[in-house]
Amino acid sequence: VECVFFNEEYMTCMWGNTEVLTVNYSLYYWYENRSPMVECKHYLQDQGINVGCHFSKNESIQFQPFRVLLNASLDDGTLEFPSKRLELQDLVKPEAPVNLTIRNMSNNQLQLTWASPYPKAKCLEHSVKYKSNKDTDWTELPVHGNVFSLPSVDYEKYYTFYVRSKINKFCGSTLLWSEWSVPMVWGSNSTENGTVEEQLHWFWIHTVVIPIASSLILLVFVVLLVRMERVWVILMPRIPNPSKNFDELFITHNGNFQEWAGVPKDVMESFKPNYSENICYVSELPPKDSNEPLWESSNHSPPAMPGPPPAAPSEQYNPYKNSY
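Residues numbered from 1 in each chain as written. Predicted model: local features only at pLDDT ≥ 70, side-chain atom pairs only at ≥ 80, totals over all residues. Heavy atoms only, no water.

Engineer: Could you clarify how one ought to interpret the environment of Glu8 in this entry?
Structural biologist: Here Glu8 shows up in the loop between β1 (2-6) and β2 (10-14). For the pair formed by Glu8 and Ile61, sequence separation is 53 residues and the distance between their alpha carbons is 9.5 Å. The contact partners of Glu8, leaving out residues within four places of it in the chain, are Lys57, Gln62, Val92, Tyr118 and Lys120. A distance of 2.8 Å separates polar atoms of two side chains, one belonging to Glu8 and the other to Gln62. Engagement of the side chain of Glu8 in a polar contact is seen with the side chain of Tyr118, the distance being 2.4 Å. (Helix = DSSP H or I, 4+ residues; strand = E, 2+ residues; numbered from the N terminus. Contact = heavy atoms within 4.5 Å. Polar contact = N/O pair within 3.5 Å; in protein donor to acceptor, adjacent residues only side chain to side chain.)

This is how it looks when you write it as structure tokens:
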């Protein structure tokens, strides 16, 4: 019978499998000088044959001698095996460490930390194993506490770390190690510093969630632009056409600006001039050394000169009259 006390939460005692067992076995247990012998309450079965027993936390007491006894049911009777004495504090198997975290320290140094689900963290000792992508063998080192430092790393490589735990010598005598933790990856070639689950998480976000979300947002934006004219006008304003503002001036008012603008008639009259100019007639005097008119020395007719209106038909025109 092999018993394991998992993280001090429950215990299982196993004694075989269907390949070697041909008959059913019954398990009985008790604590020395504390309780009577009782049969297992929760058998673990494989193809209808009892192969183990499950104990709840309330049924498990540490630092008390624990005895188990197996009986085999045969056709002609019962076969009883000698009892086995166990110490539960020496059968504890902690859960694997969780929340592995790596920090970059100065001088190319890495610091690895973690947490443990085991309720008595001071009773644990740990082991760290790691290797780079250029190494062929793992390096495993014991660690007291929950901090491990790697003094020198190569930034051209990437490293993988695992951590496991077991009960130390101050709390029990056991060789049962926990399972190895989820790996922690660090380095230049790792897609994302963190655990494998974290890398898968970010992979799905970057390759699936973000593209789908971006496509949906773009689709909604296009629908809004097509269906909402107001949004379209705000984003793509139209160039104004001023000619439409003067349609009423030329169509309704036939180009009458006064009527179109609604300007009062008396205002328009105030812009008209209220003064007049008199016409002044000018003629040229003849030279002083000649008694003949200017036009007689020439074969051409005298040029037309501005003058007063023609006289009455009874008068004869004299060019020297009324000259100045």
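Having seen it, we continue.
Engineer: Got a minute to help me understand the state of the cysteines in this structure?
Structural biologist: Two cysteines, two sulfur atoms, one covalent bond between them: this is a disulfide. On inspection of all chains with the given rule, the structure shows three disulfides. Here Cys3 engages in a disulfide with Cys13; their sulfurs sit 1.9 Å apart. In this structure, the disulfide formed by Cys3 and Cys13 twists by about 115 degrees around the S-S bond and is classed as right-handed. Of this pair, Cys3 sits in strand β1 while Cys13 sits in strand β2, placing them 10 residues apart in sequence. We note that Cys3, like Cys13, is buried. (Disulfide = S-S within 2.5 Å. Buried < 20%, exposed > 50% of the residue type's maximum accessible area, 1.4 Å probe, protein only.)

Engineer: It is not clear to me how the sheet that holds β1 should be interpreted in this structure. Could you clarify?
Structural biologist: For sheets, the rule is that strands pair by backbone hydrogen bonds, running either parallel or antiparallel. Reading across the sheet, the five strands line up as β5-β6-β2-β1-β10 and stay open at both edges, with mixed pairing between neighbours. In this open sheet, the two edge strands, each paired with only one partner strand, are β5 (43-46) and β10 (92-93). As paired strands, β1 and β2 are joined by five bridges and run antiparallel to one another. Its bridge partner being in β2, Glu2 is matched across the sheet by Met14. (Pairing = 2+ DSSP bridges.)

Engineer: Help me understand the environment of Asn24 in this model?
Structural biologist: Looking at the element boundaries, Asn24 is found in the loop between β2 and β3 (25-31). For Asn24, a relative accessible area of 33% puts it in the partly exposed group. Separated by 25 residues in sequence, Asn24 and Ile49 have C-alpha atoms that sit 5.7 Å apart. What Asn24 contacts, discounting residues up to four positions off in sequence, is Gly48, Ile49, Asn50, Asn71, Ala72 and Ser73. One polar contact links the side chain of Asn24 to the main-chain amide nitrogen of Asn50, over a distance of 2.8 Å.

Engineer: What is the right way to read a nonpolar patch on the surface from this model?
Structural biologist: Taken together, the side chains of Leu74, Leu79 and Phe81 make up a nonpolar region of the molecular surface, amounting to roughly 240 Å² of accessible area. Residue position: Leu74 is located in strand β7 (residues 65-74). (Patch = residues over 30% accessible without salt bridge, like charges linked within 9 Å, V, L, I, M, F, W, Y side chains within 5 Å. Areas by Shrake-Rupley, 256 points an atom, 1.4 Å probe, with all protein chains shown as cover. Salt bridge = Lys/Arg side-chain N within 4 Å of Asp/Glu carboxyl O.)

Engineer: I'm lost on the environment of Val1 in this one. Help?
Structural biologist: Residue position: Val1 is located in the segment before β1. When the C-alpha atoms of Val1 and Cys13 are compared, they prove to be 6.2 Å apart, with 12 residues separating the residues in sequence. Leaving out residues up to four positions away in the same chain, Val1 has contacts with Cys13, Met14, Trp15, Leu27, Val68, Leu70 and Lys84.

Engineer: Honestly, the pattern of salt bridges in this entry has me stumped. Any pointers?
Structural biologist: Oppositely charged side chains can form a pair if their charged atoms are brought close together. According to the stated counting rule, one finds nine salt bridges in the structure shown. Between Glu2 and Lys84 there is a salt bridge, and its shortest N-O distance comes to 4.0 Å. Of this pair, Glu2 sits in strand β1 while Lys84 sits in strand β9 (residues 84-87), and the two are 82 residues apart along the sequence. Note on Lys84: relative accessible area 31%, which makes it partly exposed.

Engineer: Teacher, can you tell me more about the sheet that holds strand β11 (residues 98-105) here?
Structural biologist: Pairing within the open sheet is antiparallel, and its three strands lie in the order β11-β12-β15. Two strands in the sheet have a free side with no partner beyond their single neighbour: β11 and β15 (147-150). Pairwise comparison of adjacent strand axes, ignoring direction, gives a mean angle of 20 degrees for this sheet. In this sheet, strand β12 (residues 109-115) lies alongside β11 in antiparallel orientation, the contact comprising six bridges. Following the sheet pairing, Arg103 is matched in β12 by Gln111. (Axes fitted to C-alpha atoms, helices over the stretch in contact; angles between N-to-C directions.)

Engineer: So what exactly am I meant to see when it comes to the side chain of Gln89 here?
Structural biologist: Considering the arrangement of structural elements, one finds Gln89 in the loop between β9 and β10. Since its relative accessible area comes to 11%, Gln89 is described here as buried. Here Phe63 takes part through its backbone nitrogen, which lies 2.8 Å from a polar atom of the side chain of Gln89. Ignoring sequence-local partners within four residues, the contact set of Gln89 consists of Gln62, Phe63, Gln64, Cys171 and Gly172.

Engineer: Would you explain empty space enclosed by the protein in this entry?
Structural biologist: Overall, the coordinates contain one cavity of 30 Å³ or more when judged by the stated rule. There is about 30 Å³ of room inside the largest cavity. Forming the walls of the largest cavity are Ile102, Leu110, Gln111, Leu112, Phe148, Leu150 and Phe161. Contributions of two or more residues to the lining of the largest cavity are made by β12 and β15. Here the lining of the largest cavity takes three residues from β12, the largest share from any one element. (1 Å grid on protein atoms, 1.4 Å probe; cavity = no way out; pocket = protein on both sides within 12 Å on 5 of 7 lines; lining within 4 Å. Points joined across faces, edges and corners; volume = space filled by probe spheres on them.)

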